[in-house]
Every structure is written in structure tokens, then in C-alpha cells.
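Survey of secondary and tertiary structure
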Amino acid sequence: MKPAVEVSITSWKKNVVKFGQEYGRVLLMPGTGYNCDRPLLYWSAQALVEAGWRVDRMNVRNASDDLSTVIPVLNQAIDGWVESVRGNQSGEYSNDNVGRDDADSSDSTNQSGLRLLLIGKSLTTMTYPHVAAHYGLPFVLLTPVLHHADFDPSARVIPVPAVGDDIVAESEAPSVAEAKAIIRAELAGQSHAASSRYAGPAPLICAGTADPFYDRARANALTPHVHEYPDANHSIEVPGHWRRSLDYLKEVTASVAQYAATL
């Protein structure tokens, strides 16, 4: 029997700003085979640290190909992180002092008003409906799963009600009727629409046009903040073209930093 999925969250050792002085807290979340030291996540974190954020990093082990069994575990880990950083130490991760350094623990305060941001890559972008429904937090979706993976028997994708997705499998996603009402309001020029199909700020999407899990129509139906990279794969790289790949990495990092600066 394959081991159960395991999730841990720790404070990044390269954080610079002390607790209580940070601009906000960000949770960096990996993809399958793409940990937080890989380029898209690493340089996004570096940019945010320079901007005064403190970074916490998620590690996922033993993720099953059946994403329906993995996503609830990821959602539970995020619940623990949000509870912990907001100062409620009765949460799941309180014993691990999620995001806390021993030297800083005496300075910790209730941070319920602190800016929070999540950055997910591929697999962990699937937590977006849960985060939006429960917390309404801003989210960066790096190479989101908008077209199901062949290896996933549950055929999970991020639900996009605006294109008529069946939301039965994702009870936390907004209904199709609700999404259509938002779109009608946007078309009518009503400012309250807030440009997102889910609760909270519209997410940022960064993805390559050669990514098999990307879908342009679904991305644009989910958020107005879509950054595409021509010919780039699921790592937002163009095989055989290192200069373009590095240019794209810089563009993604800058987009993440700009999105975070608006919060």
C-alpha cells in the first residue's frame, strides 16, 4: 500500500524581516516534482522577501496520482497555516510553530489583520476554490490545472463556473448561476463585480501556451489577470531556448511581485 500523503510547512531560512515588521505572510506551495527550490517558486519567494514579506514553505510527500485524495489534505494544511499565522495557536500546526523562529517567538502577536498571500504551482493550485471560499485570500496560480491530467483517475481541474463546469465535485466552488450573475454585472459595468468568479481578489495566473494542463478560455473565464508565455511548457520553460526561458522566469517573478504589491 502506498504511504499516505504527508504535508509539512516551515518558515524559510532566507527570511529577512522579523515578525511584526513584515509587509505580509506568504505560503509557497509546490507542484508534483517541483519543490519550493525550483526556479518559479524560489525566485518569486526571493522577490517577496526583498519586498518585506515573510515566506513559509510547504512540502508534500507521497502525493497520489488520484488528486481527489490529495486535495483535502492540502486544504487541511492550509487551514492550519492560516489559523497559525493569524495567531490562533490551537490550530493543527501550533505544535510545529508554523512560520515561527525560536528567537522571534516572544515577539509574536495576534496577526489577524496581517496580509496573507498564497502561491501554488500545478498540484497546489487545486486548493484555490477552498482558499477563496473559506478565506477570500489572494492567490498566485503558477501553471494551474485547468485541463485534467491523464494520470489522475478523478480528472480533477480547478472548477470554472463561467464556462459551465459541473461543480458537484467541488462543493466550495461558486455555482454556475452565481458566476453568470457576476459576469453579467461586469458586462453592465458594475464595479462591485470585483473581477473574480470566486470570493476575494481575482487570482494571478501565469502559464505557458504549450502546457498540456493549461486552457486559455478557462483561464480568462476565471480571472482577468492572465499572463501567458508563448511556447512555454508546464515549467514555463521553452526547451532548447535558455534565453527565452530565463526571460520568462524574470517576467513571472516580476508579475508575482507586482501582484503582491497591490495587496
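For the structure, check the block above.
Here is a short report on the structure shown in this document. Being a predicted model, the structure only gives us computed values, none of them experimental. (Residues numbered from 1 in each chain as written. Predicted model: local features only at pLDDT ≥ 70, side-chain atom pairs only at ≥ 80, totals over all residues. Heavy atoms only, no water.)

For the protein chain, the helix and strand inventory stands at six helices and seven strands. Start at the N end of the protein chain and walk to the C end: the helices and strands fall as β-β-α-β-α-β-α-β-α-β-α-β-α. Here the protein chain, with 263 residues, has 51% of them falling under the buried criterion. Taking contacts inside the protein chain between residues at least 6 apart in sequence as the whole, the part at least 24 apart equals 64%. Taken as a whole, the protein chain presents about 12,000 Å² of accessible surface, with 50% of it coming from carbon and sulfur. (Helix = DSSP H or I, 4+ residues; strand = E, 2+ residues; numbered from the N terminus. Buried < 20%, exposed > 50% of the residue type's maximum accessible area, 1.4 Å probe, protein only. Contact = heavy atoms within 4.5 Å. Areas by Shrake-Rupley, 256 points an atom, 1.4 Å probe, with all protein chains shown as cover.)

We now examine the nonpolar core. Counting residues in hydrophobic clusters, the biggest one holds 40 residues, and the most contacted among them are Met-58, Leu-118 and Ile-205. A total of nine residues in this core trace back to one element, the largest contributor, which is helix α2 (residues 67-85). With near-sequence residues (within four places) excluded, Met-58 lies in contact with Val-7, Ser-8, Ile-9, Leu-27, Leu-28, Met-29, Pro-30, Cys-36, Leu-74, Ala-77, Ile-78 and Thr-124. (Core = buried A, V, L, I, M, F, W, Y, C linked by side-chain atoms within 4.5 Å.)

Quick look at the packing of helix α1 (residues 39-50) against helix α6 (residues 242-261) now. Their axes nearest at 9 Å, the elements α1 and α6 cross at an angle of 45 degrees. In terms of orientation, α1 lies oblique with respect to α6. Between α1 and α6 the crossing geometry is right-handed. Residues Pro-39, Leu-40, Trp-43, Ser-44, Ala-47 and Leu-48 of α1 form the contact with α6, whose participating residues are Leu-249, Val-252, Thr-253, Val-256, Ala-257 and Ala-260. Taken together, the residues of the contact of α1 with α6 break down into ten nonpolar, two polar and no charged. (Axes fitted to C-alpha atoms, helices over the stretch in contact; angles between N-to-C directions. Parallel < 35°, antiparallel > 145°, perpendicular 65-115°, else oblique. Left-handed = near helix turned anticlockwise from the far one by under 90°. Nonpolar A, V, L, I, M, F, W, Y, C, P; charged D, E, K, R; others polar.)

Let's shift gears to the pairing of strand β3 (residues 53-61). Across the nine residues that make up β3, a large majority, seven, are buried. Where strand β1 (residues 6-11) meets β3, six bridges bridge the pair, whose relative direction is antiparallel. Looking at β3, one finds that Ser-8 is bridged to Asn-59. The pairing of strand β2 (residues 24-29) with β3 spans five bridges and is parallel. Bridge pairing in β3 links Arg-25 to Arg-54. Handedness of the β2-α1-β3 crossover: right-handed. (Pairing = 2+ DSSP bridges. Right-handed = clockwise from strand over helix to strand, strands pointing away.)

Now for the side chain of Thr-143. The topology assignment puts Thr-143 in the loop between β5 (139-142) and α4 (176-187). With a relative accessible area of 0%, Thr-143 lands in the buried category. Leave out the neighbours within four places in its chain, and Thr-143 touches Lys-121, Ser-122, Cys-206, Ala-207, Asp-211, His-234 and Ile-236.

Next up on the list: the pattern of salt bridges. Counting across every chain of the model gives six salt bridges. The salt bridge involving Asp-37 is made with Arg-57; its shortest N-O contact spans 2.8 Å. One end of the pair, Asp-37, is in the loop between β2 and α1; the other, Arg-57, is in strand β3, and 20 residues separate them in sequence. Assessed through its relative accessible area of 19%, Arg-57 is described here as buried. (Salt bridge = Lys/Arg side-chain N within 4 Å of Asp/Glu carboxyl O.)

In spatial order, the strands read β1-β3-β2-β4-β5-β6-β7; together these seven strands make up an open sheet with mixed pairing. At either end of the open sheet lies a strand with only one pairing partner, and these are β1 and β7 (225-229). Between one strand and the next, the sheet's axes are offset by a mean angle of 15 degrees, whatever the strand orientation. As defined by bridge partners, strand β6 (residues 204-208) adjoins β7 across five bridges and the pair is classed as parallel. Bridged to Cys-206 within β7 is His-227. Packing against the sheet, α6 makes contact with β3, β4 (116-121), β5, β6 and β7, and its axis sits at approximately 170 degrees to β7.

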